[in-house]
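Structural features, examined
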Amino acid sequence: MASLPFGFSSLPRSSFRPTRNLKIRFSADRQALFNRIAPVYDNLNDLLSLGQHRIWKRMAVSWSGAKEGDDVLDICCGSGDLTFLLSERVGPHGKAAGLDFSNEQLLIASTRQKLRSKACYKNIKWMEGNALDLPFPDSSFDAVTIGYGLRNVVDRHRAMAEICRVLKPGSTVSVLDFNKSINPLSTTIQESMIDNIVVTVASGYGLENEYKYLKSSIKDFLTGNELEKLALEVGFSTAKHFEIGFGFMGNLLATR
Ligand SMILES: C/C(=C\Cc1cc(O)c2ccccc2c1O)CCC[C@H](C)CCC[C@H](C)CCCC(C)C
Ligand SMILES: C[S@@+](CC[C@H](N)C(=O)[O-])C[C@H]1O[C@@H](n2cnc3c(N)ncnc32)[C@H](O)[C@@H]1O
C-alpha cells in the first residue's frame, strides 16, 4: 500500500485511472469536484445550513451505536466532521478510520486534527481509498457512518454491499444524506433553496457548477423507501429511513 504524507495510506493509483468504463470516468469527475470545493466546503456548509448540518451529523453518529472502545469507520469522510464525532464516542481505547478518495479533503481533515487538542483524536487514521473497494477484511467494524457520501458514489449498490461486508454481524451503518422527498411541496422548496440561495452563494466563490450538481444528484438519488429496499437487498437484516432537517435531510439506519 503506497504511503502519503500525514500517515495516509492509499490504494494503488490505478484504482482511479480513467478507463473506457463510464462509471470510473464519472468517479474521477466527482473526485475532482470534491478536491476543488475542499477549501470552502466546511464554511459553506455552516453558512448555507445555518450550522444545522452539525446537528444532523451528531444525530447520524449517535444513531450508529458507536461506543467506548469500538473500531469504527467513516466512509466518504471528506474533511472529517463525522470521523471526529466517532473518535469522541469511541475514545482513546477505540479506533476511528476516515476514508475518502479526495486527497484535498483528507488534507483538510488531517490539518483540522492537528489544530485540535482533544486526546481522543489520536485514535483517528485517515485513509485515501474508494468506497466501492474498501481496504478492510470482512466484519471489521462495530459501526460505520457515511455522511453525504452514498448519493455521490457511482455505484450505490456496490457501496452498500461493501459496508455490509465490513460491518460485524449485528452492527449498524448510519447513512446521512439529503432526503429525496416523495412530497412535491418539500421537493419544490428544497430545489428552490438550492437554486436561489445555495448556488447563488457558491457562485460568489466560483463554484456555481459544483453546487448546481447538488440538485441533480438529489433528483437521481433514492427515496427513503428505496434506500431501505437497497439495504435489505445487499444483506442487511433491518433497515429504516428517518426524515430530519425539516424533511430536507434523511438518515438510513441499517443493521447487518
Ligand atoms: C452538509 C450538507 C451538505 C454537504 C454536501 C454534499 C454534497 O453532495 C455536495 C456536492 C457538491 C457541493 C457541495 C456539497 C455539499 O456541501 C448539508 C448542508 C449544506 C448544504 C449545502 C445546504 C443545503 C440547504 C438545504 C437545502 C436547506 C437547509 C435548511 C436549513 C434548515 C437552513
Ligand atoms: C459531500 S462530501 C461529505 C463529506 C463528509 N462526510 C461530510 O459529511 O461533510 C462527499 C465526500 O465523498 C467522497 N467520495 C465520493 N465518492 C467516493 C468514493 N467512491 N470513494 C471514496 N470517497 C468518495 C468525496 O471525495 C467527498 O469528500
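Bear in mind that the values here come from a model prediction, so they are computed numbers and not experimental data.

Basis of the calculations
Residues numbered from 1 in each chain as written. Chains lettered and ligands numbered in written order. Predicted model: local features only at pLDDT ≥ 70, side-chain atom pairs only at ≥ 80, totals over all residues. Heavy atoms only, no water. Helix = DSSP H or I, 4+ residues; strand = E, 2+ residues; numbered from the N terminus. Buried < 20%, exposed > 50% of the residue type's maximum accessible area, 1.4 Å probe, protein only. Contact = heavy atoms within 4.5 Å. Areas by Shrake-Rupley, 256 points an atom, 1.4 Å probe, with all protein chains shown as cover. Lys, Arg positive; Asp, Glu negative; His and termini not counted. Charge placed at Lys NZ, Arg CZ, Asp CG, Glu CD. Patch = residues over 30% accessible without salt bridge, like charges linked within 9 Å, V, L, I, M, F, W, Y side chains within 5 Å. Salt bridge = Lys/Arg side-chain N within 4 Å of Asp/Glu carboxyl O. Polar contact = N/O pair within 3.5 Å; in protein donor to acceptor, adjacent residues only side chain to side chain. Near = heavy atom within 4 Å. Nonpolar A, V, L, I, M, F, W, Y, C, P; charged D, E, K, R; others polar. Axes fitted to C-alpha atoms, helices over the stretch in contact; angles between N-to-C directions. Parallel < 35°, antiparallel > 145°, perpendicular 65-115°, else oblique. Left-handed = near helix turned anticlockwise from the far one by under 90°. Phe/Tyr/Trp six-rings, centres within 6.5 Å; stacked < 30°, edge-to-face > 60°. pLDDT = per-residue confidence, 0-100.

Structural notes on the overall build of the protein chain
When its secondary structure is counted, the protein chain shows eight helices and nine strands. Along the three orthogonal principal directions, the C-alpha set of the protein chain runs to about 45 × 45 × 40 Å. Every one of the 256 residues in the protein chain was classed for burial, and the buried ones make up 54%. Nonlocal contacts in the protein chain, meaning residues at least 24 apart in sequence, comprise 74% of its contacts between residues at least 6 apart. For the protein chain, the accessible surface area stands at approximately 11,800 Å², while carbon and sulfur atoms represent 57% of it. The average position of the 31 basic charges and that of the 27 acidic charges among the side chains of the protein chain differ by 2 Å.

Some details on a nonpolar patch on the surface
A cluster of nonpolar residues, L185, I189, M193 and I197, forms a patch on the protein surface that exposes about 360 Å² of accessible area. Within the secondary structure layout, I189 lies in helix α6 (residues 184-203).

Brief notes about the environment of K118
As for its placement among the helices and strands, K118 is situated in the loop between α4 (103-115) and β5 (124-128). With 30 residues separating them in the primary sequence, K118 and E88 have C-alpha atoms 8.5 Å apart. Among the polar contacts listed, one links the side chain of K118 to the side chain of E88, at a separation of 3.3 Å.

Here's the deal with the site of ligand 1
Within the structure, ligand 1 sits among 19 residues, and Y41, N45, R151, N152 and Y211 are positioned closest to it. Here N45 contributes a side-chain N or O atom positioned 2.7 Å from an oxygen atom of ligand 1. Between an oxygen atom of ligand 1 and a side-chain N or O atom of R151, the distance comes to 2.8 Å. For ligand 1, whose accessible area on its own is 740 Å², the fraction buried by protein is 96%. Those elements giving two or more residues to the shell around ligand 1 turn out to be α1 (22-48) and α7 (208-219). Residues that form the shell around ligand 1 fall into these classes: 13 nonpolar, four polar and two charged.

Thoughts on the packing of α6 against α7
For any two helices packed against each other, one specifies the inter-axial angle together with the distance between the axes. α7 packs onto α6 with a crossing angle of 160 degrees between their chain directions and a minimal axis gap of 8 Å. Looking at the two axes, α6 sits roughly antiparallel to α7. For the pair α6 and α7, the sense of crossing is right-handed. Of the residues in α7, those in contact with Q190, E191, I194, D195, V198, V199, A202 and S203 of α6 are E208, Y211, K212, L214, K215, I218 and K219. Along the lines of polarity and charge, the residues of the contact of α6 with α7 split into seven nonpolar, two polar and six charged.

Describing the packing of aromatic side chains
Evaluation of the coordinates by the stated rule reveals five aromatic pairs. With a centroid separation of 5.7 Å and 45 degrees between ring planes, the pair formed by W63 and F242 is classed as tilted. Remark: F242 occurs in strand β8 (residues 238-244) and W63 occurs in helix α2 (residues 52-64); sequence separation between them is 179 residues. Classification of W63 by relative accessible area gives partly exposed; the value is 32%. Between F84 and W126, the aromatic rings sit 5.5 Å apart at their centres with planes inclined by 70 degrees, giving edge-to-face as the arrangement. Pair noted here: F84 is in helix α3 (residues 81-90) and W126 is in strand β5, with a separation of 42 residues, a long-range link.

Focus: the site of ligand 2
Around ligand 2, the structure places 18 residues, and the nearest of them are Y41, C76, D100, A131 and G147. Here D100 contributes a side-chain N or O atom positioned 2.6 Å from an oxygen atom of ligand 2. In this structure, A131 approaches ligand 2 through a main-chain N or O atom, which is 2.9 Å from a nitrogen atom. Against a free-state accessible area of 590 Å², the protein chains account for coverage of 98% of ligand 2. In terms of residue class, the shell around ligand 2 is made up of nine nonpolar, seven polar and two charged.

What about the confidence of the model for the protein chain?
On average, residues of the protein chain score 92 in pLDDT, and 90% of them are at 70 or above. Confidence over residues 1-20 falls short of pLDDT 50; this stretch has 38 contacts with residues more than four positions distant or in other chains. For this predicted complex, the interface confidence score (ipTM) comes to 0.98, while the overall pTM stands at 0.92.

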